[in-house]
Amino acid sequence: MCGIIGATGDHDALEIVLEGLARLEYRGYDSAGVALITEEGIWRERSAHGTTSVAELVKLAESAPAVRRTGIGHTRWATHGHPTAGNAHPHLDCTGHLALVHNGIIENHTELAAALVARGHVLTSETDTEVVAHLIEEEIDGGLGLAEALRAALKAVRGAFSLAAVHRDEPTLIVAARRVSPLVVGLCEDETLLASDIPALLGRTRRVVTLDDDQLAELTPGHLRITTLDGDEVAVVERTVDWDLEAAEKEGYPDFMSKEIREQPHAVADTLLDRQAPDGTLVLDEVRLSDQSLREADKVFIVACGSSYHAAMVAKYAIERWTRLPTEVDIASEFRYRDPVLDERTLAVGVSQSGETVDTIQAMREARRWGAKVLVVSNVVDSSMAREADGVLYTRAGPEVGVAATKTYVAQIVALELVALKLAQLRGTLPPEEISALLGQLQTLPGLLERTLERSDAVDAVAGALHGARDFFFLGRNVGFPVALEGALKLKELSYLRAEGYPGGELKHGPIALIEPGTVVVAVATRNRLSEKMLSNIAEVKSRGATIVVVASDGDDATAAVADHVLWVPEVEPLLSPIIDAVPLQFLAYRLARLAGYDVDRPRNLAKTVTVE
Ligand code: AGP
């Protein structure tokens, strides 16, 4: 989720790169850097000043040499390594003649780094990226040019990447390659540009070529050559972009929320990357708590706010089922002011997309005062919570701009379920085969999410039929209950409609008095051990005149038969189902808000991060 920009041609590459970086900044990156090929060799500057990094770079660039026709730049959203200037890209090889920028995750960087160090390389950063610079260096030492050296180096690399590199000895060349992470080339008469995102190019050109997976591009002034990573020639297919800058930042989506909903398969896949050793054991490297202290925990206490709290509720079911550890979940602002029972054998888990929510920060401090070990699940590397915690497990959803949590929420559930499986592994509460099977099921989620996303038109049709309704109940049982709460929260915050989330069995203890013709009941009724009971709960509200919408597993005709509208989803292991079932409810809230004419990215009265009590 980093930003890349490159330029080679007759114009000032530094100016183009800095302008491109400024256009990418809207995502809120943590650091930025630039490398130029000058008459003296590679010139590089980096800055880690959060969102003012590019402005800092502009100041630093005043000392850049005058002639600079080729350059690459990068804005970083940290995944491996802290957001420091030393970890900011571009990274250099040992000779200092090669500079490289990267977006993505090099999955096998640990083993590559160990091998490189054994062969005498000096690695200076904590990033997964730097290994690639040194791998290319070895190929260049062996006599290859930059393009062939990159092609050869990538044979050793596993993971997702878009990469761009320059070398002093080929001063007008930028080489680039992609697998999974995006990369586009911009064409002009006398210069050729490269970027991870179209907005970075828009000040210069609207003629673009999108690279496909496993392609390598060679950019020289006014020329572009594309080959596959195997070396086969690829035809260059150019298109003209007619987006304005705002549309381009949203990559053609009408708003950030729809873009972020569509990014969920990636968010989940990236959060799962790199977590399993070849022998199948779970490796959560960023969890700095020893296996011993995790094994000794006799209780888990998860604390969070809003959507993060709903992710925590899902995790409770998984942790208790898989590890048999008693698990409490609390809202951070409540936890702080009561007398929670926890001690040095408690594992306190703070869940926060931003890592800056003040109630959760204070709750974690409170937990530490009680002697608990603190683990944080956060999307922002080096956030306040991450810095204070004993251990941190990052979701890798990338920056989330829309106020409503979507991709970070599903990534949180995945991360917390990984923690649950790690605890189960350490405690021996699940047989290894079962852990492998569950990890295998987690790996199927990105594909299932893609299939679920394809069904947005069907949700839109249901939203169209519900437009005008004012009162909504969301029902669920077991893990379906937090899904119901999250569905209701999305609807409230985006559509300003009254929406309550309830456990299906609880309604008859009071709230059922509110059901009348015109009330909409959205039942999370995917197959699980309580499906039959859920059907009875649906019957209770149907007989009182409610309009029934069900989220149902593909092929479950019995559930569909009781509903007025069905939102079908692919079936998955019930404890993983909240990740899939969230999607139609996100679409529903989104569409109802849009039908009412509301701004889904900036709902009224809300802030993305709540840093006040
Ligand atoms: C959900 O859509 C909201 N944006 C909100 O409930 C959010 O989840 C909550 O404020 C917690 O934020 P955090 O994850 O950054 O701590």
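To keep things clear, this report deals only with the structure shown in the data block. Computed from a prediction, not measured in an experiment: that's the story for all the values here.

1. A look at the side chain of Ser196
Then step 1. Mapped onto the secondary structure, Ser196 falls in the loop between strand E10 (191–195) and strand E11 (207–210).
Then step 2. Judged by its relative accessible area of 5%, Ser196 falls in the buried class.
Then step 3. The contact partners of Ser196, leaving out residues within four places of it in the chain, are Cys2, Gly3, Ile4, Leu24, Asn103, Pro182 and Leu183.

2. A few points about the site of the ligand
Then step 1. Around the ligand, the structure places 14 residues, and the nearest of them are Ser308, Ser352, Ser354, Thr357 and Glu493.
Then step 2. Residue Gln353 places a main-chain N or O atom 2.7 Å away from an oxygen atom belonging to the ligand.
Then step 3. At 3.1 Å from an oxygen atom of the ligand is found a side-chain nitrogen or oxygen belonging to Lys490.
Then step 4. In isolation the ligand has 410 Å² of accessible area, and contact with the protein removes 91% of it.
Then step 5. Across the shell around the ligand, the residue classes break down as 5 nonpolar, 7 polar and 2 charged.
Then step 6. Three or more residues apiece are contributed to the shell around the ligand by two domains, here domain 2 (256–443) and domain 3 (453–595).

3. Regarding helix H3 (residues 109–118)
Residues spaced three or four apart along an α-helix face the same direction, because each turn holds 3.6 residues.
Then step 1. Among the residues of H3, His109, Leu112, Ala113 and Leu116 are the ones counted as buried. Here the buried residues of H3 occupy an arc of 100° about the axis, which is enough to place them on one side. Exposed side of H3, more than 90 degrees from the buried face: Thr110 and Ala118 are the residues found there.
Then step 2. Of the residues trailing H3, Gly120 is marked for its positive phi of about 100°.

4. Brief notes about the pattern of salt bridges
Between side chains of opposite charge, pairing is possible as soon as their charged atoms come close.
Then step 1. Under the criterion given, the structure shown has 31 salt bridges.
Then step 2. Residue Glu320 pairs with Lys316 through a salt bridge whose shortest N-O separation is 3.3 Å. Of this pair, Glu320 and Lys316 both sit in helix H10 (residues 306–323), separated by 4 residues, roughly a single helical turn.
Then step 3. Note on Glu320: relative accessible area 24%, which makes it partly exposed.
Then step 4. If you follow the salt bridges from partner to partner, you end up with Lys299, Glu328, Asp330 and Arg338 in one network.

5. Observations concerning the nonpolar core
Then step 1. Grouped together as the largest cluster of nonpolar side chains are 93 residues, with contacts concentrated most on Ile302, Trp322, Leu347, Val349, Leu445, Phe472 and Phe474.
Then step 2. The element contributing the most residues to this core is helix H14 (residues 407–427), with 13 residues.
Then step 3. The residue makeup of this core includes at least three contributed by each of domain 2 (256–443) and domain 3 (453–595).
Then step 4. Residues in contact with Val349, not counting those within four places in the same chain, are Val300, Phe301, Ile302, Val303, Met364, Leu375, Val377 and Leu416.

6. Some remarks on the packing of helix H1 (residues 13–24) against helix H2 (residues 53–60)
Then step 1. It is at 9 Å that the axes of H1 and H2 come closest, and there the two elements cross at 165°. Considering their axes alone, H1 and H2 lie roughly antiparallel with respect to each other. Note on packing geometry: the crossing formed by H1 with H2 is left-handed. Side by side, H1 and H2 meet where Leu18, Leu21 and Ala22 of the first sit next to Val54, Leu57 and Val58 of the second.
Then step 2. Looking at the contact of H1 with H2 residue by residue, the class counts come to 6 nonpolar, no polar and no charged.

7. Some details on the environment of Asn528
Then step 1. Relative to the elements of secondary structure, Asn528 occurs in the loop between strand E23 (520–524) and helix H18 (531–542).
Then step 2. Apart from the residues within four sequence positions on either side, Asn528 is in contact with Arg477, Asn478 and Pro574.
Then step 3. There is a polar contact of 2.7 Å between the side chain of Asn528 and the backbone nitrogen of Leu530.

Cut-offs and rules
- Residues numbered from 1 in each chain as written.
- Predicted model: local features only at pLDDT ≥ 70, side-chain atom pairs only at ≥ 80, totals over all residues.
- Heavy atoms only, no water.
- Helix = DSSP H or I, 4+ residues; strand = E, 2+ residues; numbered from the N terminus.
- Buried < 20%, exposed > 50% of the residue type's maximum accessible area, 1.4 Å probe, protein only.
- Contact = heavy atoms within 4.5 Å.
- Near = heavy atom within 4 Å.
- Polar contact = N/O pair within 3.5 Å; in protein donor to acceptor, adjacent residues only side chain to side chain.
- Areas by Shrake-Rupley, 256 points an atom, 1.4 Å probe, with all protein chains shown as cover.
- Nonpolar A, V, L, I, M, F, W, Y, C, P; charged D, E, K, R; others polar.
- Domains from an automatic or database assignment.
- Arc of directions from axis to C-beta.
- Salt bridge = Lys/Arg side-chain N within 4 Å of Asp/Glu carboxyl O.
- Core = buried A, V, L, I, M, F, W, Y, C linked by side-chain atoms within 4.5 Å.
- Axes fitted to C-alpha atoms, helices over the stretch in contact; angles between N-to-C directions.
- Parallel < 35°, antiparallel > 145°, perpendicular 65-115°, else oblique.
- Left-handed = near helix turned anticlockwise from the far one by under 90°.

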